[in-house]
Structure formats: C-alpha cells, structure tokens
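Breakdown of the fold
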Amino acid sequence: MTITLRSEEAAFETSTPFILKDVPEARRHPIRGRGYLYRPQVAEGEADPCPKRPAVVVSQGLGGLKQAREHTYGRRLAEHGYVALVVDSFAIRGKDHDSHSKRALAATESTMLADAFAALRALAHRPDVDPDLIGIVGFSYGGMITVLTAYEQMRRLFLGGTPDADLRFAAHVSFYGSSVPRLDDPAATGAPVLILNGALDANVSLKRTSRIADDLRRGGSPVEEVVLPGTYHQWDSDDATPRFVRWSIRNVKMRVKRDNTIRDEITGIEVRGKASRTIAIGAGTSPRGYLIKMDAEATQKGLDLMFAHFDRAFGWRPEKGARTAVAAPERGVEGAAVTSQ
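Residues numbered from 1 in each chain as written. Predicted model: local features only at pLDDT ≥ 70, side-chain atom pairs only at ≥ 80, totals over all residues. Heavy atoms only, no water.

Structural notes on the overall build of the protein
Scanning the protein for helices and strands turns up nine helices and 15 strands. For the protein, the proportion of its 341 residues judged to be buried stands at 55%. Long-range contacts, defined here as pairs at least 24 residues apart, represent 80% of the contacts in the protein between residues at least 6 apart. By element, 49% of the accessible surface of the protein is carried by carbon and sulfur atoms, the whole surface being about 14200 Å². (Helix = DSSP H or I, 4+ residues; strand = E, 2+ residues; numbered from the N terminus. Buried < 20%, exposed > 50% of the residue type's maximum accessible area, 1.4 Å probe, protein only. Contact = heavy atoms within 4.5 Å. Areas by Shrake-Rupley, 256 points an atom, 1.4 Å probe, with all protein chains shown as cover.)

Let's talk about the pairing of strand β3 (residues 53-59)
For β3, the buried fraction is high: seven of the seven residues fall into the buried class. Direction of pairing for β3 relative to strand β4 (residues 83-87): parallel, over a ladder of four bridges. Directly across from alanine 55, in β4, lies its bridge partner valine 83. Taking the sense of rotation as the criterion, the β-α-β connection linking β3, helix α2 (residues 67-79) and β4 turns out right-handed. (Pairing = 2+ DSSP bridges. Right-handed = clockwise from strand over helix to strand, strands pointing away.)

Quick word on the packing of helix α4 (residues 109-124) against helix α5 (residues 141-148)
Contact geometry for α4 and α5: axes closest at 10 Å, N-to-C directions at 65°. If you check the angle between α4 and α5, you find them roughly perpendicular. Where α4 crosses over α5, the handedness of that crossing is right-handed. Here Glu109, Met112, Leu113 and Ala116 of α4 come into contact with α5, specifically with Tyr141, Met144, Ile145 and Leu148. Classifying every residue of the contact of α4 with α5 by side-chain character gives seven nonpolar, no polar and one charged. (Axes fitted to C-alpha atoms, helices over the stretch in contact; angles between N-to-C directions. Parallel < 35°, antiparallel > 145°, perpendicular 65-115°, else oblique. Left-handed = near helix turned anticlockwise from the far one by under 90°. Nonpolar A, V, L, I, M, F, W, Y, C, P; charged D, E, K, R; others polar.)

Observations concerning the sheet that holds strand β12 (residues 262-264)
Within a sheet, neighbouring strands are paired by backbone hydrogen bonds and run either parallel or antiparallel to one another. Pairing is mixed in the open sheet, where four strands are placed in the order β7-β11-β12-β13. Only two strands of the sheet have a single partner each, and these edge strands are β7 (181-183) and β13 (270-271).

Remarks on unusual backbone geometry
For serine 140, which is not a glycine, the phi torsion comes out positive at approximately 60°. Overall, serine 140 belongs to the buried group, its relative accessible area being 10%. The phi dihedral of glutamine 234 is positive, around 55°, even though this residue is not glycine. If you trace the backbone, glutamine 234 turns up in the loop between β9 (223-228) and β10 (243-245). Exposure remark for glutamine 234: the relative accessible area of 5% places this residue in the buried category.

Here's the deal with the confidence of the model for the protein
Mean pLDDT over the protein stands at 89; residues scoring 70 or higher make up 89%. Contacts from residues 324-341, a stretch scored under 50 in pLDDT, to residues over four places away or in other chains number 48 contacts. (pLDDT = per-residue confidence, 0-100.)

What to know about the side chain of arginine 208
When you line up the elements, arginine 208 lands in helix α7 (residues 206-219). Taking the relative accessible area as the measure of exposure, arginine 208 reaches 6% and is therefore buried. A distance of 2.7 Å separates the side chain of arginine 208 from the backbone oxygen of serine 179, its partner in a polar contact. (Polar contact = N/O pair within 3.5 Å; in protein donor to acceptor, adjacent residues only side chain to side chain.)

Re the pairing of strand β5 (residues 129-139)
Within β5, eight of the eleven residues are buried, which leaves it mostly tucked inside the rest of the structure. Bridge count for β3 against β5 is six bridges, and the pairing is parallel. Looking at β5, one finds that alanine 55 is bridged to isoleucine 134. Here five bridges tie β5 to strand β6 (residues 171-175), and the two strands are oriented parallel to one another. When the sheet's bridge partners are listed, isoleucine 136 is paired in β6 with histidine 172.

Set out below in structure tokens:
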C-alpha cells in the first residue's frame, strides 16, 4: 500500500466577532475563511485502511503562517496519518502584512476563536474525518486560542444553537501560548490539554499559565504542563541566532466573566471595543521585550510530546514509516519539568 501526502487550499464559513459579546451578531454575517489542508492519500486503486481519520486544527501565531512552523506541522501531522487544517486568520481579513501589534488589535482572540471552531465544523463534515477525533494545536497567540477552546463556556458560545452544538475538540496542545485570559467559570469540556513552554520565555507568565492549568483541572480536563529548560519563545522558528521582539505581553491579564464580558485585571476597565482593548493591552505590555531563538532539541521534544498526546487521545497507531521529526538533534532535551493531573 502506498500513502502519499496531499495539500490543497481549503475554504470554510466563519465570522469576525471583535469581542465575545459580538458572537451572536457576527454569526449573522458570515465570511469565507481560508486555510491549507494536509492529508494522507492512498494511491489510486488501493483501499484506505483508515477511511475516517483523526484530524487536527492548526491555529497560527501572530507572526503569521510560517513554513518553519504552521505549514511544517501541518505536513508532519498528515505524514503521521492525521488530516490537518492550517487556519489563516489574518490574510482573509487583510492583516497578513501587518505588524504583530496591529494584528493583535485587529484580529482578536474572539476572531481567532471563531475561526478555530469554524475549522472544527469544517473538518467534522469531511467524509475522511472522524468527527469525534479532532484536536487543535496552536503557537503563541494560537496557543492561547488552543487553551481557550478547552472551556465549555467557549464551546457553547461558538457552537451553541447550531446543528454542530454537540461538537468539541478531543485534545488540545499549546506551544508557548500567551497567558493573557483567565475564565471565572473553570468548567472544561473534559478533553486532555498539553501546555508546552520554555523556561526562558519572557513573553509568557509561567505562574499564570499554571493557574490557568489548575482552572482547567478543576473544571474537569486533565492538563499536562511541560517546561523545557534553557528554551526561549518560539523555539521551533527559523531564527538560528537570538532575535529581539520589542514588546512583551507577559504581564497582560484579562478576565472572562460568565456572561462573556472581558475585564482588564490591571485597570479594571471592561473591554468593549478597539479603544478599550488597546488601553487594556497597553497597560500590561512591557518594552523590555523578549527573545526568539530556534532550538532543534526543544523542537523535537515538543513534537514527540504533541504526537504522544494526540495518539493517546485518539487511540491512534500511526502507519508504518510515519514521520514525526522536524529536526535531527544529536540528543533529546533532558530535565524537562512535567506536571499532570
């Protein structure tokens, strides 16, 4: 049997809520979402041993779609036997050439959540995907989205009242996800969550991330936290030498209330639109910035952990010869701190 990799552009229906309160109204004005589909394909004339496969939504970071990151993971997921949908939240809204800060102010977490759940619906309706075995992985800003989709409040908000109201993600993996939002309601979907961070990452609060992980555990989802020693933000980048990023959002803190209002923890203001969101983000943003640096060992370690997490959640055994390496390190990362419950 011969299995090859197929990639193609994909379209799906999504919306653009600026804040969570906008979701019901935004749903009445759908737009055409865009992504890139990676999937295994059996040679013509041969029977597929797995006609319905697990699938994974890939949520991008604020740096935009990168060959070294989102597209590479999309390919590796497909080579592992999954169907992968890499979501492009910025290009469809004319933000693909904007700076990080402009994207953060325009393509909000509510917008990217809408895309994530829209991608879940799109995959669930594919004939080659098992709708009960769809996971999500995200990077940095997309890692934050990945964690947010594990909350029952978010699942109900974006899928409730639709024909797909019973859908949920079956597993979540966050790579160096932003630690900005915490929810007052910890109720989770029950799906397992893996959170990967670098010990030297100055763009993520490890303390707040652990509190978020505890929230999810209290809410009913098992959470595994892994901190990779000696590792900076975006360790799976193509930056062979350290690159300084001017603004850090490590100390930005927002609370999501049970009624879906969002309140900044520093100023106490409610985020209602662009002006209040800019003030809230600015209140906690630090000019001390943070470093990005490629780390092949951490990349391989993160990839191994991601596949182990998804395989357990999906009950999946990859086909013989499945590729799981994005790098060829001489040795693995030792001493990674792991906590689970």
